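Residues per chain are reported as follows:
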Amino acid sequence: MSENVSYTNVHRAFLQACSNHGTLSTSQAFNMYVAICAQHDDSHSIPSEADLASVIEAINERIYRFDQKIALVHYDPTDMDFYVFVSLQESPIDLQQNVFTAPELHFFRVLLRELALSEDHTLALIACLNLTNDTASEGMKPLAKTRAEQLLQEWEQLGYFLTLDDKCYLGPKAVVEFEKYITRNYAEVVTRCCLCNVTIFYGVKCASCPQILHKDCMKKYLRRLTNCPACKTLWSVPL
């Protein structure tokens, strides 16, 4: 960040809001930014999305040294864009040790593992709750299913998971924050989008070959070309 650009209370308040919420849709983030400007910005200028992008860029320059970032991610299951406050550390699960108990963190790890290893990276909601049976250890009872339901709701609010049509998905925060963790621990199931080379969990599959791509990447690609980037046949899957 250049020396003549001040880091203001708007930046501090927006960072705090992102940290508290974990995940915000772009519309939620902009509305929050407008409200913060009304409270802290004495210039009374009209906030714009470009202003918000500049604020986030300045925040990221400050927090990168702490292995943190506000990332913009397109989330294919809902076809929405989100701002996600993420830790860039190798084992972000460990950061929650002061928040959740050992059995609760173990449930998180098991759920993350099973979603990573499932063919379409989804699990039936009842299957997620049954994973509490794996949280028992010597001298300790398994996590109660009622507590597991509460945790899923808490983690969904933070963006770690998503419940949709009685299925559980990796949420937008997990997709970004745990990409390295999943790649390191479950490399055999990791697929990368051939257009952006980023790990892909949810996307769109070519009708003529096994290639899976991020929907947003494919939309941009089809603005220039009409064939599948892998098999070169005419792309026919609706986006």
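Conventions adopted
- Residues numbered from 1 in each chain as written.
- Predicted model: local features only at pLDDT ≥ 70, side-chain atom pairs only at ≥ 80, totals over all residues.
- Heavy atoms only, no water.
- Helix = DSSP H or I, 4+ residues; strand = E, 2+ residues; numbered from the N terminus.
- Salt bridge = Lys/Arg side-chain N within 4 Å of Asp/Glu carboxyl O.
- Buried < 20%, exposed > 50% of the residue type's maximum accessible area, 1.4 Å probe, protein only.
- UniProt positions renumbered as here; feature names shortened; annotations may be inferred.
- Polar contact = N/O pair within 3.5 Å; in protein donor to acceptor, adjacent residues only side chain to side chain.
- Contact = heavy atoms within 4.5 Å.
- Phe/Tyr/Trp six-rings, centres within 6.5 Å; stacked < 30°, edge-to-face > 60°.
- Lys NZ or Arg CZ within 6 Å of the ring centre and 35° of its normal.

Novice: How would you explain the environment of alanine 38 if you had to name every residue and give the values?
Specialist: Positionally, alanine 38 belongs in helix 2 (residues 26-40). A sequence separation of 166 residues divides alanine 38 from valine 204, and the C-alpha atoms of the two residues are 41 Å apart.

Novice: So, the pattern of salt bridges: which residues are in play, and what are the values?
Specialist: Under the defined criterion, the tally for this structure stands at seven salt bridges. Residue arginine 192 pairs with glutamate 179 through a salt bridge whose shortest N-O separation is 3.7 Å. Here arginine 192, found in the loop between helix 8 (179-185) and strand 7 (204-205), pairs with glutamate 179, found in helix 8; they are 13 residues apart in sequence, far enough to count as distant. Of the residues examined, arginine 192 reaches a relative accessible area of 37% and is grouped as partly exposed.

Novice: Now, about the UniProt feature "domain: Phorbol-ester/DAG-type" (unreviewed entry) in the protein chain: what can you tell me, with residues and values included?
Specialist: The UniProt record annotates "domain: Phorbol-ester/DAG-type" (unreviewed entry) at residues 178-228. With 27% helix and 8% strand, residues 178-228 has its two end C-alpha atoms placed 29 Å apart.

Novice: How would you explain unusual backbone geometry if you had to name every residue and give the values?
Specialist: For histidine 121, which is not glycine, the phi torsion reads 60 degrees and is therefore positive. Within the secondary structure, histidine 121 is located in the loop between helix 4 (102-117) and strand 4 (122-124). Accessibility expressed as a relative area gives 9% for histidine 121, which makes it buried. In this structure, aspartate 165 takes a positive phi of about 55 degrees despite not being glycine.

Novice: Tell me about the side chain of histidine 214, and name the residues and values.
Specialist: Locating histidine 214 in the fold gives a position in the loop between strand 8 (212-213) and helix 9 (215-221). A polar atom in the side chain of histidine 214 sits 3.4 Å from the backbone oxygen of threonine 199. Those residues in contact with histidine 214 that sit more than four places away from it in its chain are Asp76, Cys193, Cys196, Val198, Thr199, Ile200, Tyr202 and Gly203.

Novice: If you had to explain the packing of aromatic side chains to someone new, which residues and values would you point to?
Specialist: Evaluation of the coordinates by the stated rule reveals 14 aromatic pairs. Taking 6.1 Å as the distance between ring centres and 80 degrees as the angle between the ring planes, the aromatic pair formed by tyrosine 75 and phenylalanine 82 counts as edge-to-face. Where phenylalanine 108 meets tyrosine 160, the ring centres are 5.3 Å apart and the plane angle is 85 degrees; that geometry is what we call edge-to-face. On the criterion of sequence distance, the pair formed by phenylalanine 108 in helix 4 and tyrosine 160 in the loop between helix 6 (145-158) and strand 5 (161-164) is long-range, its members being 52 residues apart. Judged by its relative accessible area of 5%, phenylalanine 108 falls in the buried class. Put simply, the rings of Phe100, Phe107, Phe108, Trp155, Tyr160, Phe161, Phe178 and Tyr181 touch in pairs and so form one group of aromatic residues. The cationic tip of arginine 62 hangs over the ring face of tyrosine 7; the distance from NZ or CZ to the ring centre is 4.1 Å.

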